[in-house]
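Structural overview
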Amino acid sequence: TIKNQSISNIAHIYPFGEEVDKQYKQRLYNSFYEFKEFLPVEFLEAIKNKTLFDNETLMKEFETWCMTQIENYNQALKASYEKRTDIAQKFDESAWPLFEQSFHDGEILYAKQRDEDFILFMDMSGGFTVQSIIKLTFHQAHLDGNVEGYYVYDELVKTEDGFALRILSSYGFPYVEGTIYFENVSAIG
């Protein structure tokens, strides 16, 4: 979800063990404040007033919170990947190997409904797949929401009628959410 990804972003911005000079503090405060709606209230005021780094106790609590969020996020990613792999093996043989990789950082070039199919065309040259160009055709499909920009994160789930691929994408921040509901998927890539 946007919330989970944003909390992970906050936690990963934290400067674990790094020297923090005045300029770096300013950049960190600005970055943290971008995600203000996802910050615990006990830290928000200190970030807003730019006093977090001056309060050693609060800073230690914030560091602990960040480490916990990173651990939770990593556990969720691992569980999601295992579930994704199990589900993907039910897809057309042209598609399931691609779903065992990550579409993260792929540039979404084309995302359109075409009759009963939904087409997603991505440039993966900056991403994490072996293939540089991927075309996914989701059959008996429709999109709820939107996908645009760069592929950030997804979650694949089994539904009563088939499958759903929940996608976070963006040209930066904020993220855009979209879900493709489908019965099967084939791929060229």
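Computed from a predicted model, the values in this text were never measured in an experiment.

1. Remarks on helix 3 (residues 41–48)
The α-helix advances 3.6 residues per turn, and as a result positions three or four apart in sequence lie on the same side. For helix 3, the set of buried residues is Phe-43, Ala-46 and Ile-47. On an axial view of helix 3, the arc spanned by its buried residues comes to 100 degrees, and they lie on one face. Summarising the contacts, the buried residues of helix 3 are in contact with helix 2 (22–34) and helix 4 (56–88). Lys-50 occupies a position one or two residues after helix 3 and carries a positive phi of about 60 degrees.

2. Let's talk about the packing of helix 1 (residues 2–13) against helix 4
Here helix 1 crosses helix 4 at 130 degrees, and the two axes come no closer than 8 Å. Considering the angle they form, helix 1 stands oblique to helix 4. Once helix 1 is placed against helix 4, the crossing between them reads as left-handed. Residues Asn-4, Gln-5, Ile-7, Ser-8, Ile-10, Ala-11 and His-12 of helix 1 form the contact with helix 4, whose own contacting residues are Phe-62, Trp-65, Cys-66, Gln-69, Ile-70 and Tyr-73.

3. With respect to helix 4
Here helix 4 spans 47 Å end to end across 33 residues, near enough to the 48 Å set by a 1.5 Å rise per residue. The backbone nitrogen of Thr-57 has a side-chain oxygen 3.2 Å away, supplied by the residue at the start of helix 4, namely Asn-55.

4. Some thoughts on the pattern of salt bridges
Going through the model one piece at a time under the given rule, you end up with four salt bridges. In this structure, Glu-155 engages Arg-166 in a salt bridge whose closest nitrogen and oxygen atoms are separated by 3.2 Å. On the criterion of sequence distance, the pair formed by Glu-155 in strand 5 (residues 150–158) and Arg-166 in strand 6 (residues 163–170) is long-range, its members being 11 residues apart. Under the relative-accessibility criterion, Glu-155 is labelled partly exposed at 24%. Shared partners join several salt bridges into a network, and the residues in it are Lys-83, Glu-155 and Arg-166.

5. With respect to the nonpolar core
Counting residues in each nonpolar core, the largest one holds 26 residues, and the members touching the most others are Phe-91, Phe-99, Phe-103, Leu-120, Leu-136, Phe-138 and Phe-182. In this structure, Leu-120 is in contact with Ile-108, Tyr-110, Ala-111, Ile-134, Lys-135, Leu-136, Phe-138, Val-147, Tyr-151, Ile-167 and Ile-180, ignoring residues within four places of it in sequence. With 22 residues, the next largest nonpolar core counts Leu-39, Phe-53, Met-59 and Cys-66 among its residues.

Criteria and cut-off values
- Residues numbered from 1 in each chain as written.
- Predicted model: local features only at pLDDT ≥ 70, side-chain atom pairs only at ≥ 80, totals over all residues.
- Heavy atoms only, no water.
- Buried < 20%, exposed > 50% of the residue type's maximum accessible area, 1.4 Å probe, protein only.
- Helix = DSSP H or I, 4+ residues; strand = E, 2+ residues; numbered from the N terminus.
- Arc of directions from axis to C-beta.
- Contact = heavy atoms within 4.5 Å.
- Axes fitted to C-alpha atoms, helices over the stretch in contact; angles between N-to-C directions.
- Parallel < 35°, antiparallel > 145°, perpendicular 65-115°, else oblique.
- Left-handed = near helix turned anticlockwise from the far one by under 90°.
- Expected span 1.5 Å × (residues − 1).
- Polar contact = N/O pair within 3.5 Å; in protein donor to acceptor, adjacent residues only side chain to side chain.
- Salt bridge = Lys/Arg side-chain N within 4 Å of Asp/Glu carboxyl O.
- Core = buried A, V, L, I, M, F, W, Y, C linked by side-chain atoms within 4.5 Å.

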